[in-house]
Amino acid sequence: MRRRGSSFHSSSRSHLACCVYLLAHGCEVPVAADVASVGASTVRRWLNLFFTAVCALVKPVYMPSGPMDPERLEAVKSEFAARRGIPNVAMACDGSHVPFSTHDNDYRNYKGWYSTLVLAFVDSYHLFVEAEVGYAGRSGDNTILEQCYLMRQIAEDRERWLGKNGIILGDGGASDHDGVFMNPYRTPKQADECYFNFC
């Protein structure tokens, strides 16, 4: 990269390059700022613009905010059923802790390290349907579900989003108390319950 003040630093290509470098290497903002020969606040501003642009331009293509059309929904449910024999699954949901650099104890997760919690919904083709991002690490999946836009939409019109008798598969960490989530059995006793938990 050229020195500060050059035309490269004022180009959108340099902003994109810096953001991609930071994301690809998983480095801290000051490291990316040093590599780009700019201040950390500049990199933070570029990241904000980058994420805003990605959400505005890419999200509608890969994560439309509306329900799937009926044909696609049936294809998703058939694909889930073909894999393990569990019918009517329209989505799967899981949470993940993403490392986050802070000393705010709200971000210390139950594993003892600092993170941001992400909760994602996917279809049977491994495509995201929705993702809730940015919750403090000490939050649980259920905390996010209670505030989740997608869950509010499903509550208003379950069949439109999940199809007839549609369900969402989740692990033991995410549950809506027997609404639309199907969770593993806590103490499986029958063979079919053990198989379901395995799946």
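Below is a short write-up of the structure. Just so you know, these numbers come straight off a predicted model, no measurement behind them.

Brief notes about a nonpolar patch on the surface
Together, Val54, Leu57, Val58, Val61 and Tyr62 give the surface a local cluster of nonpolar side chains, amounting to about 500 Å² of exposed area. Put simply, the parts of the chain that give the nonpolar patch at least two residues each are helix 3 (40-57) and helix 4 (59-62). Classification of tyrosine 62 by relative accessible area gives exposed; the value is 56%.

Describing the sheet that holds strand 2 (residues 115-122)
Read across the open sheet, the 5 strands follow the order 3-2-1-4-5; overall the sheet is mixed. Looking at the sheet topology across the chains shown, the edges are occupied by strand 3 (128-136) and strand 5 (181-182). With respect to the sheet, helix 5 (residues 70-84) is in contact with strand 1 (89-99) and strand 2, its orientation differing from that of strand 1 by roughly 75 degrees. Sheet strands touched by helix 7 (residues 149-156): strand 1, strand 2, strand 3, strand 4 (167-170) and strand 5. Its angle to strand 3, the strand with the most contacts, is close to 130 degrees.

Points about the pairing of strand 4
Pairing of strand 1 with strand 4 involves 4 bridges; the strand directions are parallel. Within strand 4, the residue paired with valine 89 across the bridge is isoleucine 167. Here 2 bridges tie strand 4 to strand 5, and the two strands are oriented parallel to one another. Pairing of isoleucine 168 across the sheet is with phenylalanine 181, part of strand 5.

Brief notes about the packing of helix 1 (residues 12-25) against helix 2 (residues 29-36)
In the contact formed by helix 1 and helix 2, the axes pass within 10 Å of each other and the chain directions differ by 140 degrees. In terms of axis orientation, helix 1 runs oblique to helix 2. When you trace helix 1 past helix 2, the crossing you get is right-handed. Along the contact surface, helix 1 presents Cys18, Tyr21 and Leu22, while helix 2 presents Val29, Ala32, Val35 and Ala36. Residues of the contact of helix 1 with helix 2, tallied by class, amount to 7 nonpolar, no polar and no charged.

Examining the state of the cysteines
The tally for this structure, following the rule as stated, stands at 0 disulfides. Cysteine 93 supplies the cysteine sulfur nearest to cysteine 148, a cysteine that is in no disulfide, at a spacing of 7.5 Å. Cysteine 148 sits in the buried class, given a relative accessible area of 0%.

Thoughts on the nonpolar core
Phe121, Met151, Ile154, Ile168 and Phe181 are the most contacted members of the largest nonpolar core, which totals 29 residues. At 5 residues, the largest contribution of residues to this core is made by strand 1. Residues contacting methionine 151, with those up to four places away along its chain left out, are Phe121, Leu145, Ile168, Asp176, Val180 and Phe181. Membership of the second largest hydrophobic core comes to 13 residues, among which are Cys27, Val29, Ala36 and Phe50.

So, how was this worked out
- Residues numbered from 1 in each chain as written.
- Predicted model: local features only at pLDDT ≥ 70, side-chain atom pairs only at ≥ 80, totals over all residues.
- Heavy atoms only, no water.
- Patch = residues over 30% accessible without salt bridge, like charges linked within 9 Å, V, L, I, M, F, W, Y side chains within 5 Å.
- Areas by Shrake-Rupley, 256 points an atom, 1.4 Å probe, with all protein chains shown as cover.
- Salt bridge = Lys/Arg side-chain N within 4 Å of Asp/Glu carboxyl O.
- Helix = DSSP H or I, 4+ residues; strand = E, 2+ residues; numbered from the N terminus.
- Buried < 20%, exposed > 50% of the residue type's maximum accessible area, 1.4 Å probe, protein only.
- Pairing = 2+ DSSP bridges.
- Contact = heavy atoms within 4.5 Å.
- Axes fitted to C-alpha atoms, helices over the stretch in contact; angles between N-to-C directions.
- Parallel < 35°, antiparallel > 145°, perpendicular 65-115°, else oblique.
- Left-handed = near helix turned anticlockwise from the far one by under 90°.
- Nonpolar A, V, L, I, M, F, W, Y, C, P; charged D, E, K, R; others polar.
- Disulfide = S-S within 2.5 Å.
- Core = buried A, V, L, I, M, F, W, Y, C linked by side-chain atoms within 4.5 Å.

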